[in-house]
Structures are given as structure tokens and as C-alpha cells.
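Chain by chain, the residues run as shown.
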Amino acid sequence: MIEIDVNINPKAQARHRTTKSGHTYDPSAKDKKILKYKLVKFKPKTPFAGDIMIKVVFTIPYKKYHYRTGKYKHLLKDDSLQYVSTRPDLDNYIKLLLDCLNKDFFCDDSQVVRIQAEKIYGRKGKIEAIIEEI
């Protein structure tokens, strides 16, 4: 079992783009590189070989409108939400994370047979994950 706790604003996987000349590129390549760099310290000596379960929580920073104004601008409004129900979609966050974990934490992302995920608001951006073989 590996526990991952990375202080980074979660990013969603963007669709691949095609230029006018016909070349295809990944607009999320830079985000993947940054996240992979932060995941290195959690990397196991050998990748998992069996079926894998991942539990992940994506913490999205509160927007400015969630906070009060004036003297109490550091406090959240009473009606601030806990769960993020806006775009980008949760599955796109998961895709980017799995792409970064692939080859280093497990041999292939087809080994992932169970995912438990949520995206919530918090003071700072963070990705928390537990990866375990079943």
C-alpha cells in the first residue's frame, strides 16, 4: 500500500489537439511533467503487478467568492460548498493522475480495477491517494 499526499492544485487531463498542419499534441504534457516530479518521492522500488484499487481525493482551492469581505475576508461564507460540482469533470482529474502513475507505480493502467474518488473544496490545492493491490 502506498499513501500519496501532494500539495499541488489538481489539473484535469485536456483532450489532445491537432494543429492546422496535422500534428497532434498533448496540451497537458507540462502538467503531467510537474505532477510526475512531485510523485517521485512516493514511487515504489518495483511497480505493482496485480489488480489495483485507488482511493483519491482532489482538493480544489476555494474561489474568492467563497470568502467573506472586509474585516472577515479570511473567513468562509456560511453557505460555502464542500463538494465541487463544476467543471472540469472528476474523470479528467483521474485520467491525468493515472497517466502520471502509469509505468512507475503499476505496469499498466488496465490493472486498476476499482477507483473511489471525490473532488472537494479546501484552503489549498492537494491530491491525496491510496494505492493498494487487491
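Everything below is about the structure shown above.
None of these values were measured; they are calculated from a predicted model. (Residues numbered from 1 in each chain as written. Predicted model: local features only at pLDDT ≥ 70, side-chain atom pairs only at ≥ 80, totals over all residues. Heavy atoms only, no water.)

### Quick word on the side chain of threonine 59
Relative to the helices and strands, threonine 59 resides in strand E4 (residues 52-61). On the accessibility criterion, threonine 59 (8% relative accessible area) is buried. In this structure, threonine 59 is in contact with Pro10, Ile120, Tyr121, Gly122, Lys124, Gly125, Lys126 and Glu128, ignoring residues within four places of it in sequence. (Helix = DSSP H or I, 4+ residues; strand = E, 2+ residues; numbered from the N terminus. Buried < 20%, exposed > 50% of the residue type's maximum accessible area, 1.4 Å probe, protein only. Contact = heavy atoms within 4.5 Å.)

### Re helix H1 (residues 29-39)
Considered for burial, the residues of H1 that qualify are Lys32, Leu35 and Leu39. The buried residues of H1 occupy an angular sector of 70° when projected down its axis, which confines them to one face. With respect to the buried face of H1, the exposed residues turned more than 90 degrees away are Lys30, Lys33 and Tyr37. Summarising the contacts, the buried residues of H1 are in contact with strand E1 (2-6), helix H2 (90-101) and strand E6 (126-133). (Arc of directions from axis to C-beta.)

### Some thoughts on the sheet that holds E1
Taken in spatial order, the four strands of this open sheet run E1-E6-E4-E5, and their pairing is mixed. Edge positions in the sheet fall to E1 and strand E5 (112-122), since each of these pairs with one other strand and no more. Within this sheet the neighbouring strands show an average axis-to-axis angle of 10°, counted without direction. Taken together, the ten bridges between E4 and E5 define a ladder with parallel strand orientation. (Pairing = 2+ DSSP bridges. Axes fitted to C-alpha atoms, helices over the stretch in contact; angles between N-to-C directions.)

### Considering H2
Over its twelve residues, H2 runs 17 Å from end to end, which matches the ideal 16 Å to within 8%, given 1.5 Å per residue. Along H2, the residues that are buried comprise Asn92, Tyr93, Ile94, Leu96, Leu97, Leu98, Cys100 and Leu101. Positioned one or two residues after H2, lysine 103 has a phi angle of 75°, which is positive. (Expected span 1.5 Å × (residues − 1).)

### Things to note about the packing of aromatic side chains
Per the counting criterion, the structure on display carries three aromatic pairs. Consider the rings of tyrosine 62 and tyrosine 121, whose centres lie 5.4 Å apart with planes at 15°: the pair is stacked. Taken together, the residues span a long stretch of sequence, with tyrosine 62 in the loop between E4 and H2 and tyrosine 121 in strand E5 at a distance of 59 residues. Members of the aromatic cluster, joined through ring pairs, are Tyr62, Tyr67 and Tyr121. (Phe/Tyr/Trp six-rings, centres within 6.5 Å; stacked < 30°, edge-to-face > 60°.)

### What to know about the pattern of salt bridges
Close approach of charged atoms allows side chains of opposite charge to pair. Counting across every chain of the model gives five salt bridges. Between lysine 32 and aspartate 99 there is a salt bridge; the shortest N-O distance is 3.2 Å. Residue lysine 32 is located in helix H1, and its partner aspartate 99 is located in helix H2; the two are separated by 67 residues in the primary sequence. One salt bridge in this structure joins lysine 95 and aspartate 91, with 3.9 Å as the shortest N-O distance. Note that lysine 95 and aspartate 91 are positioned in helix H2 at a spacing of four residues, about one turn of the helix. Since its relative accessible area comes to 41%, lysine 95 is described here as partly exposed. Residue class for aspartate 91 comes out partly exposed when judged on its relative accessible area of 40%. Where salt bridges share partners, they join Asp26, Lys32 and Asp99 into one cluster. (Salt bridge = Lys/Arg side-chain N within 4 Å of Asp/Glu carboxyl O.)

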